[in-house]
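Reading the structure
Listed below are the residues making up each chain.
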Amino acid sequence: MSTIQEPGAAGQPSDVDQPSAVELGRRTFRRRQTTRSVLISLASTIVVAVVAWFFVINTPGWAAVQQTFFDPAVAVQAWPRVFEGLLLNIRVLIVAAIGVLIVSILIATTRTLRGPIFFPLRALAAGYTDLFRGMPLIIVLYLVGFGLPGLGVFPRMPAEFWGTIALILVYSAYVSEVFRAGIEAVHPSQRLAARGLGLSHYQTLRLVILPQAVRKVTPALMNDFVAMQKDVGLISILGAVDAVRAAQIETAATYNFTPYVLAGLLFVVLALPMIRLTDWYSARVRRREQIGSVV
């Protein structure tokens, strides 16, 4: 009695696995259209850049602006001090990001607590977010950096310490609302199913709710991190010798604004990888949720 061998059972590709001629034609057309779009985009970008460059260099004040803001010799001279200041910005950014993550999760979970007994905690968390989302960061920096040390109850700390505290206070208010939106976006059936399986409230929140919430709001969290990368330069108003303050010192010494441009470019280089990662991840999430379609 002979057995019927399925197509491709012996390791040979079956006809079903092979794309049809129509599909191959479609793929070729898509590749051709993609290549054409890339070439057109590249050509139009070059044309716009060249036109803008010729317009700028032919303006009457371009020579003075170039000497004042784009002097290579001044940039080379200011590089060591500005780069050393940028390293301080990076250290403050890392510590502030960790602090914001911890504080914002605590505030978000507090605002999602159920029951009248937790009303004081919910009201306190809501007041915190309302206060620090409405107050400008520069004012918080002044209040924290000069007000708290003036109480005389804290040990003497460097300016970057107080700047980090101010960043955590302000950005925790924003990020906590992002986390709260993600927690509330998780369907209630997930919480009920977890509790039905015998998980406690804390286990449900940690194992079921928060992982789904974080996945939903990751693009928004990455955007907040990019914003904090820029605002970390504001700690210079407290006297911390970061990249911005170092650029200010070099500018005062040379009467040239090139160090400010150098510091700005360093901040752009610092933020660019996270910006591109955010765009890539947002597009990935959109493709996954919309099955390739773009609304």
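**Some remarks on the overall build of the protein chain**
For the protein chain, the helix and strand inventory stands at 10 helices and zero strands. Taken over the C-alpha trace, the protein chain has a radius of gyration of 27 Å; the compact-globule value for 295 residues is 19 Å, which it surpasses by more than 25%. Looking at the protein chain as a whole, 32% of its 295 residues qualify as buried. Contacts in the protein chain between residues far apart in sequence, at least 24 positions, make up 72% of those at least 6 positions apart. Averaging the coordinates of the 26 positive side-chain charges in the protein chain and doing the same for the 16 negative ones gives two points 6 Å apart.

**Describing the environment of E184**
Looking at where E184 falls in the secondary structure, it is placed in helix α6 (residues 159–185). C-alpha separation for the pair E184 and V82, spaced 102 residues apart in sequence, amounts to 44 Å.

**Thoughts on the side chain of R180**
Relative to the helices and strands, R180 resides in helix α6. Only 2.9 Å separates the side chain of R180 from the side chain of E177, close enough to count as a polar contact.

**Digging into the packing of α6 against helix α8 (residues 201–231)**
Between α6 and α8, whose axes approach to 8 Å, the crossing angle comes to 155°. Relative to α8, α6 is oriented roughly antiparallel. When the axes of α6 and α8 are compared, the crossing they make is right-handed. On α8, the residues touching L167, Y171, V175, V178, F179, G182, I183 and A185 of α6 are I209, L210, A213, V214, K216, V217, A220, L221, D224, A227, M228 and D231. Residue composition of the contact of α6 with α8, by class: 16 nonpolar, one polar and three charged.

**Description of the environment of G233**
Topologically, G233 is positioned in the loop between α8 and α9 (243–254). Exposure remark for G233: the relative accessible area of 7% places this residue in the buried category. Separated by 140 residues in the primary sequence, G233 and L93 place their C-alpha atoms 9.5 Å from one another. Beyond its immediate chain neighbours, meaning those up to four positions away, G233 contacts N89, D242, V244 and F267.

**Considering a positive patch on the surface**
There is a patch of like positive charges on the surface, built from R215, K216, R284, R286, R287 and R288. Within the residue set of the positive patch, elements represented by two or more residues are α8 and α10 (258–290). Per-element tally for the positive patch: the top contributor is α10, with four residues. Within the secondary structure, R287 sits in helix α10. With relative accessibility at 46%, the residue R287 sits in the partly exposed group.

**Describing unusual backbone geometry**
Peptide bonds are trans in most cases, and residues, glycine excluded, mostly fall at negative phi. The phi angle at Y255 is positive, at roughly 55°, despite the residue not being glycine. Note that Y255 resides in the loop between α9 and α10.

**Some remarks on the nonpolar core**
Counting 50 residues, the largest nonpolar core has V82 and L167 as the members making the most contacts within it. For L167, the contacting residues outside a window of four places in its chain are V92, A96, V100, L137, S172, D231, V232 and I235. Of all hydrophobic cores here, the second largest spans five residues; its members include M222, V226, Y281 and V285.

**Some points on a nonpolar patch on the surface**
Nonpolar side chains collect at one region of the surface, where L42, I46, V50, W53 and F54 lie side by side and expose about 510 Å² of accessible area between them. When you line up the elements, I46 lands in helix α1 (residues 21–57). By relative accessible area, I46 is classed as partly exposed at 47%.

**Description of the side chain of T251**
Structurally, the position occupied by T251 is in helix α9. If sequence neighbours within four positions are ignored, T251 has contacts with N256, F257, P259 and Y260.

**Side note on the environment of R32**
Assignment of secondary structure puts R32 in helix α1. Judged by its relative accessible area of 48%, R32 is partly exposed. Measuring from C-alpha to C-alpha, the distance between R32 and I275 comes to 29 Å, with 243 residues separating the pair along the chain.

**A look at the pattern of salt bridges**
Scanning the entire structure with this criterion turns up seven salt bridges. Ionic pairing is found between E177 and R133, a salt bridge with its closest N-O pair at 4.0 Å. In this pair, E177 sits in helix α6 while R133 sits in helix α4 (residues 119–134), placing the two residues 44 residues apart along the sequence. Its salt-bridge partner being E184, residue R180 comes within 3.2 Å of it at the nearest N-O pair. You can see R180 and its partner E184 sitting in helix α6, four residues apart, about one turn around the helix. Look at E184 and you get partly exposed, because its relative accessible area is 49%. A network of salt bridges, in which partner residues are shared, links R111, D130, R133, E177, R180 and E184.

The rules behind each value
- Residues numbered from 1 in each chain as written.
- Predicted model: local features only at pLDDT ≥ 70, side-chain atom pairs only at ≥ 80, totals over all residues.
- Heavy atoms only, no water.
- Helix = DSSP H or I, 4+ residues; strand = E, 2+ residues; numbered from the N terminus.
- Rg over C-alpha atoms; globule rule 2.2 N^0.38 Å.
- Buried < 20%, exposed > 50% of the residue type's maximum accessible area, 1.4 Å probe, protein only.
- Contact = heavy atoms within 4.5 Å.
- Lys, Arg positive; Asp, Glu negative; His and termini not counted.
- Charge placed at Lys NZ, Arg CZ, Asp CG, Glu CD.
- Polar contact = N/O pair within 3.5 Å; in protein donor to acceptor, adjacent residues only side chain to side chain.
- Axes fitted to C-alpha atoms, helices over the stretch in contact; angles between N-to-C directions.
- Parallel < 35°, antiparallel > 145°, perpendicular 65-115°, else oblique.
- Left-handed = near helix turned anticlockwise from the far one by under 90°.
- Nonpolar A, V, L, I, M, F, W, Y, C, P; charged D, E, K, R; others polar.
- Patch = residues over 30% accessible without salt bridge, like charges linked within 9 Å, V, L, I, M, F, W, Y side chains within 5 Å.
- Areas by Shrake-Rupley, 256 points an atom, 1.4 Å probe, with all protein chains shown as cover.
- Salt bridge = Lys/Arg side-chain N within 4 Å of Asp/Glu carboxyl O.
- Core = buried A, V, L, I, M, F, W, Y, C linked by side-chain atoms within 4.5 Å.

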